[in-house]
Amino acid sequence: MRTLIATAFVSLDGVVEAPGGEPGHRSSGWTFTSVEFDEAAYEIKDREQQEATAMLLGRVSYEAFGSVWPTMTEEFAGYNAMPKYVVSRTLKEADLVTNWGDITILRSLDDVAALKATEGGPISVHGSAALNRDLSDAGLIDRYHLLVFPVLLGAGKRLFSDTDKDQQTLALVESESYGNGIQKLVYDVVR
């Protein structure tokens, strides 16, 4: 069984929307504008590219990343080379970009569960706030890679839903604090 890893930039109050400058959020780009850059805090991002064997995205994140990441050959070489899976009920094959390697559309969380059951290495989930909430609520996420930023954004898409569900315990497997206030937190889901 493959490990499904949710990776996110998250504000202290749980917002994951528009960390890199995506339009539509009043604090768009908050990872760059609110906190002094410290390269060491992003080491986990390089490691994710080395360790992941596939990327899972929701439709909105796929459309945003697919228009930019394929041209970022140095920064995202690992991600660009790996297979991508997009969870969408509406996306059509004709809508897929042609310069970003193998891309497969999954239509449901059952399809994600079937993908997890295949042989292979870790699958990394990027962006995709709604998908992350659905995956978490369905018990499909195995690990969280979180970079928690010392900002309170108040409003925006959140990493976790407010669905009334059973408690889920996490085991901290790695953590580090950086001088700019960012916290790296890596949790395994306890089953």
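Throughout what follows, the structure given in this document is the object of discussion. Owing to the predicted nature of the structure, the values given are computational and were not obtained by experimental measurement. (Residues numbered from 1 in each chain as written. Predicted model: local features only at pLDDT ≥ 70, side-chain atom pairs only at ≥ 80, totals over all residues. Heavy atoms only, no water.)

### Section: the overall build of the chain
Scanning the chain from N- to C-terminus turns up six helices and eight strands. Of the regular secondary structure in the chain, the N- to C-terminal order runs β-α-α-β-α-α-β-β-α-β-α-β-β-β. Computed over the C-alpha atoms, the radius of gyration of the chain is 16 Å, within 12% of the 16 Å expected from 2.2 N^0.38 for a compact globule of 191 residues. On the principal axes, the C-alpha backbone points of the chain span a range of 45 × 40 × 30 Å. Per-residue burial over the chain gives 44% buried out of 191 residues. Taking contacts inside the chain between residues at least 6 apart in sequence as the whole, the part at least 24 apart equals 71%. When the accessible surface of the chain is totalled, it reaches about 9900 Å², and 51% of it is carbon and sulfur. Computed over 17 positive and 28 negative side-chain charges, the separation of the two mean positions in the chain equals 5 Å. (Helix = DSSP H or I, 4+ residues; strand = E, 2+ residues; numbered from the N terminus. Rg over C-alpha atoms; globule rule 2.2 N^0.38 Å. Buried < 20%, exposed > 50% of the residue type's maximum accessible area, 1.4 Å probe, protein only. Contact = heavy atoms within 4.5 Å. Areas by Shrake-Rupley, 256 points an atom, 1.4 Å probe, with all protein chains shown as cover. Lys, Arg positive; Asp, Glu negative; His and termini not counted. Charge placed at Lys NZ, Arg CZ, Asp CG, Glu CD.)

### Topic: the nonpolar core
Judged by nonpolar contacts, the single largest core of 25 residues is most densely connected at L4, L56, L106, V112, L135 and L146. Taken together, the elements giving at least two residues each to this core come down to β1 (4–11), β2 (54–58), β3 (84–87), α5 (109–116), β5 (123–126), α6 (129–137), β6 (143–149) and β8 (183–189). Sort the elements by how many residues they give to this core and β1 lands first, with four residues. For V112, the contacting residues outside a window of four places in its chain are L4, L56, V87, L106, L135 and L140. One finds Y62, Y79, L91 and W100 within the second-largest nonpolar core, a separate group that totals 15 residues. (Core = buried A, V, L, I, M, F, W, Y, C linked by side-chain atoms within 4.5 Å.)

### Topic: α5
Inspection of α5 places V112, L115 and K116 among the buried residues, and these make up the whole buried set. All buried residues of α5 fall inside an arc of 100° around its axis, so they share one side. Buried residues along α5 sit against β1, β2, β3, β4 (103–106), β5 and α6. Where α5 begins, the side chain of S108 points an oxygen toward the backbone nitrogen of D110, at a separation of 3.3 Å. (Arc of directions from axis to C-beta. Polar contact = N/O pair within 3.5 Å; in protein donor to acceptor, adjacent residues only side chain to side chain.)

### Here we look at the side chain of S88
In this fold, S88 is placed in the loop between β3 and β4. With a relative accessible area of 5%, S88 lands in the buried category. Here the side chain of S88 touches T90 through a polar contact of 3.1 Å, landing on its backbone nitrogen. A distance of 2.8 Å separates the side chain of S88 from the backbone nitrogen of L91, its partner in a polar contact. In this view, S88 contacts R59, I105, L106 and R107; residues no more than four positions away in its chain are not counted.

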